[in-house]
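What follows is each chain in one-letter form.
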Amino acid sequence: MNRPVDETAGLSANERIKARSRLLRGSILEGLKDPLTGAIAEEDTQLTKFHGTYQQDDRDLRQERLAQKLEPLYSFMIRVRVPGGVCTPRQWLELDRLATRHANGTLRLTTRQAFQFHGVLKRNLRDTIYRINQSLLDTLAACGDVNRNVMCGVVPERSDLHAQAYGATVAIADRLLPQTGAYHEIWLGRQRLAGGEPEREPLYGETYLPRKFKIAVAVPPRNDVDVYANDLGFIAIEDGTGGLAGFNVCVGGGLGRTHGEEETYPRLADVIGFCRPDRVADLAQQVVTIQRDYGDRQNRKRARFKYTIDDRGLDWFREELQRRLGWKLDEARACHFDQSGDDYGWVQGRDGLWYGTLFIENGRVADRPDYPLMTGLRRVVEALEKRGRGELRLTGNQNLCIAALSDADRQMVEALLSEHGIMADRSGASALRRASMACVALPTCGLAMAEAERYLPHLVSRLDEIMAASGLSDDPIVVRMTGCPNGCGRPYLGEVGLVGKSPGHYQLWLGASPQGDRLNQLYRESLDEEELLAILTPLIRRYAVERHPQERFGDFVVRVGIVDNPMAFEI
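A brief structural summary. Along each chain, residues carry numbers from 1 onward, in the same order as the chain's sequence is written. For a predicted model such as this one, the threshold for reporting local features is a pLDDT of at least 70, and the threshold for listing and counting side-chain atom pairs is 80 or more; totals across whole chains, interfaces and linings nevertheless cover every residue. Each side-chain value is derived from all of the structure's non-hydrogen atoms; neither hydrogens nor water enter the calculation.

1. Section: the overall build of the protein chain
The helix count covers DSSP runs of H or I at least four residues long, the strand count covers runs of E at least two residues long, and both are numbered beginning at the N terminus. When helices and strands are counted, the protein chain shows 17 helices and 22 strands. Atoms counted for the radius of gyration: C-alpha only. Globule rule: 2.2 Å times residue count to the power 0.38. Compactness check: the protein chain gives a C-alpha radius of gyration of 23 Å against a globular reference of 25 Å for 571 residues, within 12% of the reference. Expressed along its principal axes, the backbone C-alpha trace of the protein chain runs to roughly 80 × 55 × 50 Å. Accessibility here uses a 1.4 Å probe with only protein chains present; expressed as a share of the type maximum, an area under 20% marks a residue as buried, one over 50% as exposed, and anything in between as partly exposed. Residue burial in the protein chain is summarised as follows: out of 571 residues, 59% are buried. Any two residues whose heavy atoms approach within 4.5 Å are treated as being in contact. Sequence separation of at least 24 residues holds for 68% of the intrachain contacts in the protein chain that already meet a minimum separation of 6.

Structure, rendered in structure tokens:
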């Protein structure tokens, strides 16, 4: 007796879920209608990621609810896809309203220039996503095994070049969107038409990519998107007259790893050549198809594009890409990055308009009793919407740029910010704090092993005391913290990287470059707060005494041999 061949045999569990999902439908719609639980079916929790939402629960309350024989306090995180991080005042106000109405009263600006809502209950999930779409934003492919939100450097002082780079960003994002009708059926109420051609995913296929795929567009001299940490990166090259000549292309970056598994590791992308602006979307599509066809679908921990590159070789990849494109990349062109952080305060772009960048600690837009940030920004954006002016740009460092303002608009914005105690100039925080960044972690992220967003401000305050005592109050050190090793807060590109191991304990990584072109190195395995401070205090003091003029902390610890000197990154 012949048995049917199981085409999913040997594949990871996620691959099998995707294969039987009916192009991401699963039983999501039925689960949303079930009033007896705040959760959805386990398989559907993998599929909803493609729709831009994760099921979570409040881990602070798990044990208490278990003792009361209640199910976990389930809720959903919703991520809004915002190519290049640019949104209109009207869109900002709608997201602000939804955060208050359906979420936990805050907006989270992510490290990929997107918005996140936290604490959305299942009964409000469809209405929230529907209204996001009504604002002409969406959540499709903000998560899941597809191309994620495409980033674009903000660089307000290079307004002319940003406009061209942003155009390429949107073109890439549009080209790589999934085509399944499931999203519109589930969240927007559209009916699936009977008959006609069978539904297809012409780019991704029925099982989409082996893992997530990330793309960033950087505009030198600022690497504010950490372009080398992406699966695919485009670095804008100026033509000598202020215009865009094209892009250097880099492939194979990615920061996620797993504790205790040496076959997983962070990796920076390799620069492979130069392409014209009109070819970037075609190139991005072909790179994605290579990962679709050759990425590891058995071992999910090694399913990212960086492992495909390392396993098969960069020469193989170049040949395969050229074969699919039908043309060859030119030689990469010289470029230079001078920092990966944001400059705060006001700058005037080449277009004569004003751009003001505000520090948003860990990306959390919220009101506190002593700092009404969310209310103040709401008043600013309402005023801009009334005038029909300006735009909002989320940065890759979780900050906010209020963009494209006239002289009069700037004066109005400054007055409203001042009225609410929000400082547009240097943002009222220490240099160390302004260079810090953390992922959300506890209590909602199911992968978190330790605190990050809730804890880093306290740790920075203690480090500020050491910096001040060493005469370094005005000196930034890039500090990145994550609650697990997956790298959402890009800790492996921190001059000081802190990676959660267990509650209250962190790995200490040291020595990344401030330009984002050198990874840091693991220095100590598992440290609590006092152990961290006992190590960092003498290092900071030594840095204050022995550094060269203008030398940054990450470069210093490599130069004096505190960590090994990794291979230099060159273009």
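2. Describing the sheet that holds strand β17 (residues 400–405)
The rule for pairing is simple: two strands pair if DSSP sees at least two bridges between them. One open sheet holds the 5 strands; their spatial order is β3-β16-β17-β12-β11, and the pairing between them is antiparallel. Every other strand in the sheet has two partners, leaving β3 (86–87) and β11 (345–348) as the edge strands with one partner each. Geometry is summarised by axes, namely lines fitted to C-alpha atoms with helices restricted to the contacting stretch, and by angles between N-to-C directions that run from 0 to 180 degrees. Of the strands in this sheet, β12 (354–358), β16 (391–394) and β17 touch helix α12 (residues 373–387), which is tilted by about 20 degrees from β17. Packed onto the sheet, helix α13 (residues 407–419) meets β11, β12 and β17 and runs at close to 145 degrees relative to β17.

3. Thoughts on the packing of helix α9 (residues 280–294) against helix α10 (residues 305–312)
Closest axis-to-axis distance for the α9/α10 pair is 10 Å, and the angle between their directions is 75 degrees. One way to sum up the angle between α9 and α10 is to call them roughly perpendicular. Judged by residue contacts, Val287, Gln291 and Tyr294 of α9 engage Phe305, Thr308 and Arg312 from α10. Residues are grouped as follows: Ala, Val, Leu, Ile, Met, Phe, Trp, Tyr, Cys and Pro are nonpolar; Asp, Glu, Lys and Arg are charged; all remaining types, including Gly, are polar. A per-class count over the contact of α9 with α10 returns 3 nonpolar, 2 polar and 1 charged. Under this scheme an angle from 65 to 115 degrees is roughly perpendicular, one under 35 degrees roughly parallel, and one over 145 degrees roughly antiparallel; angles in between are oblique.

4. Details of the packing of helix α5 (residues 89–101) against α12
One way to put it is that α5 packs onto α12 with a least axis distance of 9 Å and a crossing angle of 145 degrees. Seen from above, α5 lies across α12 with left-handed handedness. Listed contacts from α12 to Pro89, Arg90, Trp92, Leu93, Asp96, Ala99 and Thr100 of α5 are Met374, Leu377, Arg378, Val381, Glu382, Leu384 and Glu385. Each residue belonging to the contact of α5 with α12 can be placed in one class, and the counts come to 8 nonpolar, 1 polar and 5 charged. Left-handed describes a crossing whose near helix is turned anticlockwise from the far helix by less than a right angle; the clockwise case is right-handed.

5. A word on the sheet that holds strand β22 (residues 521–527)
As a general point, the strands of a sheet are linked pairwise by backbone hydrogen bonds and lie either parallel or antiparallel. Pairing within the open sheet is mixed, and its 5 strands lie in the order β18-β19-β20-β21-β22. This sheet does not close on itself; its edge strands, each paired only once, are β18 (436–438) and β22. Within the sheet, the average angular offset between the axes of one strand and its neighbour, ignoring direction, is 15 degrees. Bridge count between strand β20 (residues 496–502) and strand β21 (residues 505–510): 6 bridges; the pairing is antiparallel. Residue pairing across strands places Ser502 opposite His505, the latter belonging to β21. Across the sheet, helix α15 (residues 456–469) touches β18, β19 (479–482) and β20, and the angle it forms with β18 is around 155 degrees. On top of the sheet, helix α16 (residues 529–546) reaches β20, β21 and β22; it is set at about 145 degrees to β22, its chief contact.

6. Notes on the pairing of β17
On any regular strand, side chains alternate: one points to one face of the sheet, the next to the other face. Counting buried positions along β17 yields 5 of 6 residues, so the element is predominantly enclosed. Where β12 meets β17, 4 bridges bridge the pair, whose relative direction is antiparallel. When the sheet's bridge partners are listed, Thr357 is paired in β17 with Cys401. Judged from the 4 bridges that link them, β16 and β17 form a sheet pairing that is antiparallel. Bridging across to β17, Leu394 finds its partner in Leu400. If you look at the hairpin formed by β16 and β17, you'll find 5 residues sitting between the two strands, and Gln398 has a positive phi there, around 70 degrees.

7. A look at the packing of aromatic side chains
Aromatic contacts are taken between Phe, Tyr and Trp rings whose centres are within 6.5 Å, Trp giving its six-membered ring; a plane angle under 30 degrees counts as stacked, one over 60 as edge-to-face, and the others as tilted. Counted according to the given criterion, the structure contains 14 aromatic pairs. When the ring of Tyr455 is compared with that of Tyr506, the centres are 5.7 Å apart and the planes differ by 15 degrees; the resulting orientation is stacked. Of this pair, Tyr455 sits in the loop between β18 and α15 while Tyr506 sits in strand β21, and the two are 51 residues apart along the sequence. Grouping residues by exposure puts Tyr455 and Tyr506 together as buried. Centre to centre, the rings of Tyr543 and Phe553 are 5.3 Å apart; their planes meet at 85 degrees, and the pair counts as edge-to-face. Residue Tyr543 is found in helix α16, and its partner Phe553 is found in helix α17 (residues 553–559); the two are separated by 10 residues along the sequence. Each member of the aromatic cluster is reached from another via a ring pair, and the members are Phe50, Tyr204 and Tyr208. Against the face of Phe274 rests Arg333, its NZ or CZ located 3.8 Å from the ring centre. Above the face of the Tyr543 ring, Arg547 is positioned so that its terminal group lies 5.2 Å from the ring centre. Note on criteria: charge over ring means Lys NZ or Arg CZ within 6 Å of the ring centre, with the direction from the centre no more than 35 degrees off the ring normal.

8. Comments concerning the pattern of salt bridges
Think of a salt bridge as a Lys or Arg side-chain nitrogen and an Asp or Glu carboxyl oxygen that are within 4 Å of each other. Scanning all chains against the criterion turns up 52 salt bridges. The salt bridge involving Asp127 is made with Arg131; its shortest N-O contact spans 2.9 Å. Within this pair, Asp127 and its partner Arg131 are both found in helix α6 (residues 122–134), separated by 4 residues, close to a single helical turn. You can call Arg131 partly exposed: its relative accessible area is 27%.

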